[in-house]
Amino acid sequence: MSEPQLKAAFLVNFFKYVEWPPSSSGATICLLGQDAVGNHLSAYEGRTVAGSEIHIRRISRREEIAGCQQLYVGPGDESRVADLIKSGEPPATLVVGEGESFIRHGGAIALVRIDNRLAFDINLETTTRAKLRLSPQMLRVAREVIGGPR
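Keep in mind that this is a model prediction, so the values were computed, not measured.

Participant: Explain the overall build of the chain to me, please; I cannot follow it from the model alone.
Facilitator: When its secondary structure is counted, the chain shows five helices and ten strands. Buried positions account for 49% of the 150 residues belonging to the chain. In the chain, the share of contacts with a sequence separation of at least 24, taken over all contacts with a separation of at least 6, comes to 56%. Carbon and sulfur atoms make up 48% of the accessible area of the chain, which amounts to about 7500 Å² in all.

This is the structure in structure tokens:
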């Protein structure tokens, strides 16, 4: 499995381990920026995970985030995440990106490459502020959890 395919699988599987507030329904993954992950996510369009049908949308502006349960930010767009978080956006959205610095910019989950394998770090403060609950299993398998106990 290629790295972009694996990242796409991570994004889909996060729906199994994150609980969104009742006001947020569905399983829409929005893509911001350019990345090969989007090509592989399209294979999941219409499938069901955790009781919801998966939808994939590409977005380019903050106003398009409404209705996104996950926002995947492609490499190089970390500063846009910091601006979104400062503005109070996106409510009830799991913001996922890449690289160890991503969660320090305000992202919720950072996909990181460690010794030829893919792992993820979690910013618990960000997920709590977004009113998202992460399962204990997800916290246990994370490489690093900042902003709270494991």
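Participant: Looking at this model, I keep getting lost on helix H1 (residues 3-14). Mind explaining?
Facilitator: An α-helix turns once every 3.6 residues. As a result, residues three or four positions apart point the same way. With twelve residues, H1 extends 17 Å from end C-alpha to end C-alpha; this agrees with the ideal 16 Å at 1.5 Å per step. Buried residues of H1: Lys7, Ala8, Ala9, Phe10, Leu11, Val12 and Phe14, and no others.

Participant: Where do I start with the sheet that holds strand E3 (residues 48-49) in this structure?
Facilitator: Strand pairing in a sheet relies on backbone hydrogen bonds, with the paired strands running either antiparallel or parallel. With mixed pairing, the eight strands of this open sheet are ordered in space as E3-E4-E2-E5-E6-E7-E8-E10. Looking at which strands have only one partner, the edges of the open sheet turn out to be E3 and strand E10 (144-146). As paired elements, strand E8 (residues 117-123) and E10 share three bridges and run parallel to each other. Across the sheet, the residue bridging to Asn123 is Ile146, located in E10.

Participant: Just to check I follow, could you spell out the pattern of salt bridges for this structure?
Facilitator: In a structure, side chains of opposite charge can pair up when their charged atoms sit close to one another. Throughout the structure, instances matching the rule amount to eight salt bridges. When the shortest N-O distance is used, the salt bridge between Lys7 and Glu98 registers 2.8 Å. Here Lys7 is found in helix H1, whereas its partner Glu98 is found in strand E6 (residues 94-98), with 91 residues between them in sequence. Glu98 carries the same exposure label as Lys7, and that label is buried. Across the pair Arg133 and Glu19 runs a salt bridge, and its minimum N-O distance is 3.8 Å. Of this pair, Arg133 sits in strand E9 (residues 133-134) while Glu19 is found in strand E1 (residues 18-19), placing the two residues 114 residues apart along the sequence. Judged by its relative accessible area of 57%, Arg133 is exposed. Bridged by salt links that share partners, the residues Glu100, Arg104, Asp121, Arg143 and Glu144 form one connected network.

Participant: Quick question: what am I supposed to make of the pairing of E8 here?
Facilitator: Each regular strand carries side chains that alternate between the two faces of the sheet. By the criterion of burial, E8 is predominantly enclosed, with six of the seven residues buried. The sheet contact formed by strand E7 (residues 109-114) and E8 spans six bridges and is antiparallel. Residue Ala110 lies in a different strand from E8, and its bridge partner there is Asp121. Hairpin connection from E7 to E8: two residues lie between these consecutive antiparallel strands, with Asp115 at a positive phi of about 45°.

What counts as what
- Residues numbered from 1 in each chain as written.
- Predicted model: local features only at pLDDT ≥ 70, side-chain atom pairs only at ≥ 80, totals over all residues.
- Heavy atoms only, no water.
- Helix = DSSP H or I, 4+ residues; strand = E, 2+ residues; numbered from the N terminus.
- Buried < 20%, exposed > 50% of the residue type's maximum accessible area, 1.4 Å probe, protein only.
- Contact = heavy atoms within 4.5 Å.
- Areas by Shrake-Rupley, 256 points an atom, 1.4 Å probe, with all protein chains shown as cover.
- Expected span 1.5 Å × (residues − 1).
- Pairing = 2+ DSSP bridges.
- Salt bridge = Lys/Arg side-chain N within 4 Å of Asp/Glu carboxyl O.

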